[in-house]
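# Observations on the three-dimensional arrangement
Chain by chain, the residues run as shown.
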Amino acid sequence: MHSEDAPVLDPLSQRIDAALRQEPSAPLPGGFHGTFRRRLRIAVMIQRERRLFLRRLFRVAALGALAAAVAVWVGLYWDIPGTFLWEFPGFLGYVDYLAAVANRVWWLSASPALLVSLGAIVMTLLVAGAFVGVFRQPVRSRAPFLVLFHK
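Here goes a summary of the coordinates provided. In this text, all values refer to a predicted model and were calculated from it rather than measured experimentally. (Residues numbered from 1 in each chain as written. Predicted model: local features only at pLDDT ≥ 70, side-chain atom pairs only at ≥ 80, totals over all residues. Heavy atoms only, no water.)

## Description of the environment of Val60
Filter applied, for reference: A run of H or I in DSSP counts as a helix once it spans at least four residues, and a run of E counts as a strand once it spans at least two, with each numbered from the N terminus. Three labels apply to residues, based on accessible area from a 1.4 Å probe with only protein chains included: buried if under 20% of the type maximum, exposed if over 50%, partly exposed otherwise in between.
You can see Val60 is positioned in helix α2 (residues 32-78). Here Val60 falls in the partly exposed class, since its relative accessible area comes to 28%. For the pair Val60 and Phe131, spaced 71 residues apart in the sequence, the C-alpha separation amounts to 6.5 Å.

Written as structure tokens, this is what we have:
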């Protein structure tokens, strides 16, 4: 009687299996173990780098969502647009001044919206760079590209 875990072999498979057991195994090519270890180490490093990248990505997304939620809450709680319009009497005059200055520069339009968008892009890049720098982990071993060329 066969157990359910043991494979059931037909007579032909049993004869092939018996013939192969008597056959001496072929030697492995030279350097096989070293090449196998290197490739295995590279595969492990790739998987580790993928996990670290996903962790960093989730951390940055979570902090970005938290920062956006705090900014919206602060803006709604303190009524930031109303504060700028009514509490700072010269604010709209300053916006007009910025528009007049921007009008003198040939590559900017008369609207300060281009300056604001340019500032927002620069700040976004700086904040993203800071997040990547904050969550960067030091390299403990050789760089992966060095392992590829090391023999």
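Next comes the rest of the account.
## Describing the pattern of salt bridges
What counts is decided by this rule: By salt bridge we mean one thing: a side-chain nitrogen of Lys or Arg within 4 Å of a carboxyl oxygen of Asp or Glu.
Counting across every chain of the model gives two salt bridges. We note a salt bridge from Arg21 to Asp17, for which the minimum N-O separation is 3.0 Å. Highlighted residues: Arg21 and Asp17, both in helix α1 (residues 11-22), separated by four residues, approximately one helical turn. Overall, Asp17 belongs to the partly exposed group, its relative accessible area being 32%. Taking the shortest distance from any N to any O, the salt bridge between Arg56 and Glu49 comes out at 4.0 Å.

## Remarks on a nonpolar patch on the surface
The test is simple: Patch building starts from residues that exceed 30% relative accessible area and form no salt bridge, then joins like charges within 9 Å and nonpolar side chains (Val, Leu, Ile, Met, Phe, Trp, Tyr) within 5 Å. Only the protein chains shown count as cover for residues, and all accessible areas are computed by the Shrake-Rupley method using a 1.4 Å probe.
Together, Leu28, Phe32, Phe36, Leu40 and Val44 make up an exposed nonpolar region whose accessible area comes to about 480 Å². For Leu40, the location among the structural elements is in helix α2.

## Details of the packing of aromatic side chains
Geometry of an aromatic ring pair is reported as the spacing of the ring centres plus the angle between the planes. Worth spelling out the cut-off: Aromatic pairing here means that ring centres of Phe, Tyr or Trp (its six-membered ring) are within 6.5 Å. Orientation follows from the plane angle: under 30 degrees is stacked, over 60 is edge-to-face, and everything else is tilted.
Taken as a whole and judged by the stated rule, the model has one aromatic pair. Between Phe32 and Phe36 the ring centres are 6.2 Å apart and the planes differ by 15°, which places this aromatic pair in the stacked class. Note that Phe32 and Phe36 are positioned in helix α2 at a spacing of four residues, about one turn of the helix.

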